[in-house]
Amino acid sequence: MGINQENGARSAEISRKTNETDIQLAFSVDGTGVSELETDVPFLNHMLDLFTKHGQFDLKVQARGDIEIDDHHTVEDIGICLGQTLREALGDKKGIKRYASVFVPMDEALAQVVIDISNRPHFEYRAQYPSAQVGSFSTELVQEFLWKFALEARVTLHVIVHYGQNTHHMIEAVFKALGRALDEATSIDPRVTGVPSTKGVL
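Undergrad: So what about the packing of aromatic side chains? Which residues, and what values?
TA: Using the criterion set out here, one finds seven aromatic pairs in the structure. With 4.8 Å between their ring centres and 40° between their planes, Phe43 and Phe137 make a pair best called tilted. Placement of the pair is Phe43 in helix α1 (residues 42–55) and Phe137 in strand β10 (residues 137–138), with a sequence separation of 94 residues. Note on Phe43: relative accessible area 11%, which makes it buried. Residue class for Phe137 comes out buried when judged on its relative accessible area of 4%.

Right, here's the structure in full:
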């Protein structure tokens, strides 16, 4: 894991290699919405691009995995790596807003993401999709990605898809909302002295 917090930059990078996946990932909280994504899962590339753009992050991912079995390990491990880099990039979390709640519509679909940069990993997920697949992508992997991200980032994450008819639209709204909520929760509030917790630590 590499961390860069010089000159106020909040970023980190990680390399993770297992018998199932080989991943290099670099994440910057204070970016410009630029993504460079090379994975074996095209639909995840699309979702991560939306997440990055709407969160105004910078994200680079190079990932290869055992997709001859299925996409599970690749999606899961990218979630792990993204969560770990977020946690490292935020450091002591001084000055952040900490909380955010964002609704995003995508045509007929409406998704909500509520987040607390809490150092207490917890995940709640309320979503029922009309179809089990979007192209070759299994919709159950959305939950797997989000849960592993929340666990490794040590955040409290609630994701609710209130309604929708098109599975692609519903998942797209989730990733856009995640980007925007995370952007707000990690933003610096000049009124905050230290960390935003009565405990004095997050």
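Picking up where we left off.
Undergrad: Account for the pairing of strand β7 (residues 109–116), naming residues and giving values.
TA: For β7, the buried fraction is high: seven of the eight residues fall into the buried class. The sheet contact formed by strand β6 (residues 99–106) and β7 spans eight bridges and is antiparallel. Bridging from a neighbouring strand, Tyr99 pairs with Asp116 of β7. Where β6 folds back onto β7 in an antiparallel hairpin, the turn is made up of two residues, including Asp107, whose phi is positive at roughly 55°. Where β7 meets strand β11 (residues 156–163), seven bridges bridge the pair, whose relative direction is antiparallel. What sits directly across from Gln112, in β11, is Ile160.

What counts, and where the lines are drawn
- Residues numbered from 1 in each chain as written.
- Predicted model: local features only at pLDDT ≥ 70, side-chain atom pairs only at ≥ 80, totals over all residues.
- Heavy atoms only, no water.
- Phe/Tyr/Trp six-rings, centres within 6.5 Å; stacked < 30°, edge-to-face > 60°.
- Helix = DSSP H or I, 4+ residues; strand = E, 2+ residues; numbered from the N terminus.
- Buried < 20%, exposed > 50% of the residue type's maximum accessible area, 1.4 Å probe, protein only.
- Pairing = 2+ DSSP bridges.

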